[in-house]
2 protein chains.
Amino acid sequence: MDQRAVVAVDIGGTAVKAALVSAELVALRELRRPSERAGGAVALAPVAAMITELAADAEVVGVGVVVPGIVDDAAGVVRAAVNLGWVDLPLRAELAAAVGLPLRVGHDVRAGGLAEFTVGAAAGVANAFFTAIGTGIAAAAKVDGHLLAGGGYAGEFGHIVVDQAGDVCGCGTVGCLETLAAAPALPRRYRALTGVERTAQEIAGLVGADPAATLVWEDAVRALGTALHTAVTLFGPEVVVLGGGLSEAGAALVDPVAADLDRRLSFQRRPRVVRAALGQQAGRAGAALMAWEAAGITPAAAL
Amino acid sequence: MDQRAVVAVDIGGTAVKAALVSAELVALRELRRPSERAGGAVALAPVAAMITELAADAEVVGVGVVVPGIVDDAAGVVRAAVNLGWVDLPLRAELAAAVGLPLRVGHDVRAGGLAEFTVGAAAGVANAFFTAIGTGIAAAAKVDGHLLAGGGYAGEFGHIVVDQAGDVCGCGTVGCLETLAAAPALPRRYRALTGVERTAQEIAGLVGADPAATLVWEDAVRALGTALHTAVTLFGPEVVVLGGGLSEAGAALVDPVAADLDRRLSFQRRPRVVRAALGQQAGRAGAALMAWEAAGITPAAAL
């Protein structure tokens, strides 16, 4: 067993999660601390301190850092991360200088896709599409073996329009996928229909028994089917991987979405629709893969 | 000047066009013949004869062949080409054996994109999106420097849904982009409103003067703006190139589409929207570029 390890970091607006990760992509030690801010922006010194702390008692060879927003992985620059208060931040250069280790920066959902495409539900597939359905919705597409970044601007799957007569999204557009299928959309729509507070998970459990839950869930399924029809038409994936919090519903989500998508397709390639294999750990696994890559090493899990 | 040349071939359901093309991508000699069929499928022997004829009086080093349909460029196999009557045809192997020259096979619109991305309106841009708006609508996307093929299934831009209450498309789906913005959609919709036959070009010329022409044209513009909003959200291009027959309308198409798209975007990258530089010759130029690549030579035009 390789004694070397990497540090995988997930910087969010609420918390920073960091883990010491083995070559088998097993978390050996984890830290989770509230995101500290300076002048509205998440500060880097406390993040660097977490990395240094984890690196103190292991032979750490690289660091992978993932963040939400518009992230130019190749340049290591965060173009815009609203939740973190960052604009045009040269994150890789600043953090690498602070910790003195090979370091890669990437988008959290694209990192999740990298993990699913490398060691997860679409391992070894040349054309695959991964979407993380959580508080927001984003996607990572692998086409002809290349994971698409588009300079950081690709994959904003949650903001394609699926309902031209729908609600206004936070981005200002009417009827984005997020207005119907992001995790917060289900409780909001259920509350509007019934006045009752229920979590997305509770709503999933009431499908078939409760008409309002059934309607809200089926709208989310149809929205995902509509959006995936577009993604499949443009990217041509062999496998579609559903991840993020909403995918914890398992077959209750995957089966109807697969059926809805299948019904919409005609001449396009018909992909398999599967649940993410790495669950909520996809982003961390992707950050770890990036860290091993930063060190120039193929980790055991990816062999 | 390089005395060597290549043969660029465009196989369509009605005609086969072949040209002897210089390293400067100038057509030195052109042939155009009706597509000959055997048992419903376009026959290859007459195509091979055209290539051999053009190669007889020049130092031909390679051949590039483009076709419509689902084309796996990397494998050189046409998965499905309805207009040509082909299913799973190993076109590259069969034609290369017949002509005895290095030969590449590709999708006609992706070849057009290759040309626009290499020597045309988006030369040197790492992230660009090209759409050919003609009898059908398809697209080629370049992301992070890679031209996407998706095993032949990527880029079916004409079949993403832009109007959920719209007409049924030939593919069986309601409200595809092609139902509103492909070249035949404009005369068909104008006729339905007025009973009068007009070409797409005539309709473009009547915008502002004739209410029916204005409505049909503005619907096409909005449909393209809607579809490009989706493409920009998923691919993040810096430049959007409008090509194909409808782009012959020039600023009458490009300006309102650019304005419509710009109005829809929020956090996304705002691409420049430009008219194709190579016009109707983009596919041939792309086939020629593929032919030079088959020969292992960078043509002068691409230097």
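Residues numbered from 1 in each chain as written. Chains lettered and ligands numbered in written order. Predicted model: local features only at pLDDT ≥ 70, side-chain atom pairs only at ≥ 80, totals over all residues. Heavy atoms only, no water.

1. Quick word on the overall build of chain A
The number of helices and strands found in chain A is 9 helices and 15 strands. Relative to a compact globule of 303 residues, whose C-alpha radius of gyration would be 19 Å, chain A shows 19 Å and is just as compact. Structurally, chain A occupies a C-alpha span of about 55 × 40 × 30 Å along its principal axes. The burial tally for chain A puts 57% of its 303 residues in the buried class. A sequence separation of at least 24 residues applies to 60% of the contacts in chain A between residues at least 6 apart. (Helix = DSSP H or I, 4+ residues; strand = E, 2+ residues; numbered from the N terminus. Rg over C-alpha atoms; globule rule 2.2 N^0.38 Å. Buried < 20%, exposed > 50% of the residue type's maximum accessible area, 1.4 Å probe, protein only. Contact = heavy atoms within 4.5 Å.)

2. Quick word on the pattern of salt bridges
All told, the structure shown has 32 salt bridges over all chains when counted by the stated rule. As a salt-bridge pair, B:Arg284 and B:Glu30 come within 2.8 Å of each other at their nearest N and O atoms. Linking B:Arg284 in helix H9 (residues 282-294) with B:Glu30 in strand S3 (residues 27-34), this pair joins segments that are 254 residues apart in sequence. Members of the salt-bridge network, linked through shared partners, are A:Arg29, A:Arg33, A:Glu53 and A:Asp57. (Salt bridge = Lys/Arg side-chain N within 4 Å of Asp/Glu carboxyl O.)

3. Considerations on the environment of B:Glu293
Mapped onto the elements, B:Glu293 comes out in helix H9. For the pair B:Glu293 and B:Leu103, spaced 190 residues apart in sequence, the C-alpha separation works out to 9.0 Å.

4. Some words on helix H7 (residues 211-235) of chain A
Residue and element names in this part refer to chain A. With 25 residues, H7 should cover 36 Å at 1.5 Å per step; its first-to-last C-alpha distance of 35 Å lies within 8% of that length. Of the residues that open H7, the one with a side-chain oxygen 2.9 Å from the backbone nitrogen of Ala-212 is Asp-210. After H7 finishes, the residue Gly-236 shows a positive phi value of roughly 65°. (Expected span 1.5 Å × (residues − 1). Polar contact = N/O pair within 3.5 Å; in protein donor to acceptor, adjacent residues only side chain to side chain.)

5. A look at helix H8 (residues 251-264) of chain A
Residues and elements named next belong to chain A. Taking 1.5 Å per residue as the helical rise, H8 with its 14 residues ought to reach 20 Å, and the 19 Å between its terminal C-alpha atoms agrees with that figure. Listed in full, the buried residues belonging to H8 are Leu-253, Val-254, Val-257, Asp-260 and Leu-261. Taken end-on, H8 shows its buried residues confined to a sector of 140°, consistent with a single buried face. Those residues of H8 hidden inside the fold are in contact with strand S11 (128-133), H7, strand S14 (239-243) and strand S15 (272-275). (Arc of directions from axis to C-beta.)

6. Regarding the pairing of strand S8 (residues 77-81) of chain B
Residues and elements named next belong to chain B. Sheet analysis places strand S7 (residues 70-72) next to S8, joined by 3 bridges and oriented antiparallel. From the neighbouring strand, Ile-70 faces S8, where its bridge partner is Ala-80. Counted along the chain from S7 to the antiparallel partner S8, the turn is 4 residues long, and its residue Gly-76 has a positive phi close to 75°. Relative to strand S9 (residues 86-89), S8 is paired through 3 bridges, and the arrangement is antiparallel. Each bridged residue has a counterpart across the sheet, and for Ala-80 the counterpart in S9 is Val-87. Between S8 and S9, which pair antiparallel in sequence order, lie 4 residues; one of them, Gly-85, sits at a positive phi of approximately 75°. (Pairing = 2+ DSSP bridges.)

7. A word on the interface of chain B and chain A
Taken together, the contact between chain B and chain A spans 36 residues of the former and 36 residues of the latter. Of the roughly 2900 Å² buried between chain B and chain A on both sides combined, carbon and sulfur atoms contribute 61%. Linking chain B with chain A are 17 residue pairs in polar contact (both at pLDDT 80 or more), by the criterion used here. Those elements that provide at least two residues to the side of chain B that touches chain A are strand S13 (146-147) and helix H7 (211-235) of chain B. Sort the elements by how many residues they give to the side of chain B that touches chain A and H7(B) lands first, with 7 residues. In terms of residue class, the side of chain B that touches chain A is built from 16 nonpolar, 15 polar and 5 charged. (Buried area = accessible area lost by both parts, 1.4 Å probe. Nonpolar A, V, L, I, M, F, W, Y, C, P; charged D, E, K, R; others polar.)

8. Quick look at the packing of H7(B) against helix H8 (residues 251-264) of chain B
All names here are of chain B. One way to put it is that H7 packs onto H8 with a least axis distance of 8 Å and a crossing angle of 50°. It follows that H7 is oblique to H8 by the angle criterion. Here the hand of the crossing between H7 and H8 comes out right-handed. Contacts between H7 and H8 involve Trp-217, Val-221, Arg-222, Leu-224, Gly-225, Thr-226, Leu-228, His-229 and Val-232 on the former and, on the latter, Ala-252, Leu-253, Pro-256, Val-257, Asp-260, Leu-261 and Arg-264. (Axes fitted to C-alpha atoms, helices over the stretch in contact; angles between N-to-C directions. Parallel < 35°, antiparallel > 145°, perpendicular 65-115°, else oblique. Left-handed = near helix turned anticlockwise from the far one by under 90°.)

9. Points about the packing of aromatic side chains
Considering all chains together, one arrives at 5 aromatic pairs over all chains under this definition. Aromatic side chains A:Phe129 and A:Phe157 sit 5.0 Å apart centroid to centroid with 75° between the ring planes, which places their arrangement in the edge-to-face category. Here A:Phe129, found in strand S11, pairs with A:Phe157, found in the loop between strand S13 (146-147) and helix H4 (178-181); they are 28 residues apart in sequence, far enough to count as distant. Exposure class is identical for A:Phe129 and A:Phe157. Each is buried. Cluster of aromatic residues (ring-pair linked, three or more members): A:Phe129, A:Phe157, A:Phe235, B:Phe129, B:Phe157 and B:Phe235. (Phe/Tyr/Trp six-rings, centres within 6.5 Å; stacked < 30°, edge-to-face > 60°.)

10. A few points about the sheet that holds S8(B)
Residue and element names in this part refer to chain B. Taking strand neighbours across the sheet as the criterion, the 3 strands line up as S7-S8-S9 in an open arrangement whose pairing is antiparallel. Pairing within the sheet leaves two strands with one partner each, and these edge strands are S7 and S9. Taking each pair of neighbouring strands and ignoring which way they run, the sheet shows an average axis angle of 15°.

11. Brief notes about the domain arrangement of chain A
Residues and elements named next belong to chain A. Examined at the domain level, chain A breaks down into domain 1 (4-108 + 281-302) and domain 2 (121-276). Using only C-alpha atoms to locate each centre, domain 1 and domain 2 end up separated by 27 Å. Note on domain 1 versus domain 2: buried area summed over both sides is about 470 Å², and carbon and sulfur give 64% of it. Of all residues in domain 1, Ile-70, Asp-72 and His-107 bury the most surface against domain 2, accounting for 58% of the area lost on that side. Our count for the domain 1 to domain 2 interface comes out at 0 salt bridges. The greatest single-element share of the side of domain 1 that touches domain 2, amounting to 3 residues, is contributed by strand S7 (residues 70-72). Considered class by class, the residues forming the side of domain 1 that touches domain 2 number 2 nonpolar, 2 polar and 3 charged. (Domains from an automatic or database assignment.)

12. Points about the state of the cysteines
Residue and element names in this part refer to chain B. One pass over the structure, following the stated rule, counts 0 disulfides over all chains. Free cysteine Cys-176: the closest other cysteine sulfur is in Cys-171, separated by 3.6 Å. Judged by its relative accessible area of 0%, Cys-176 falls in the buried class. (Disulfide = S-S within 2.5 Å.)

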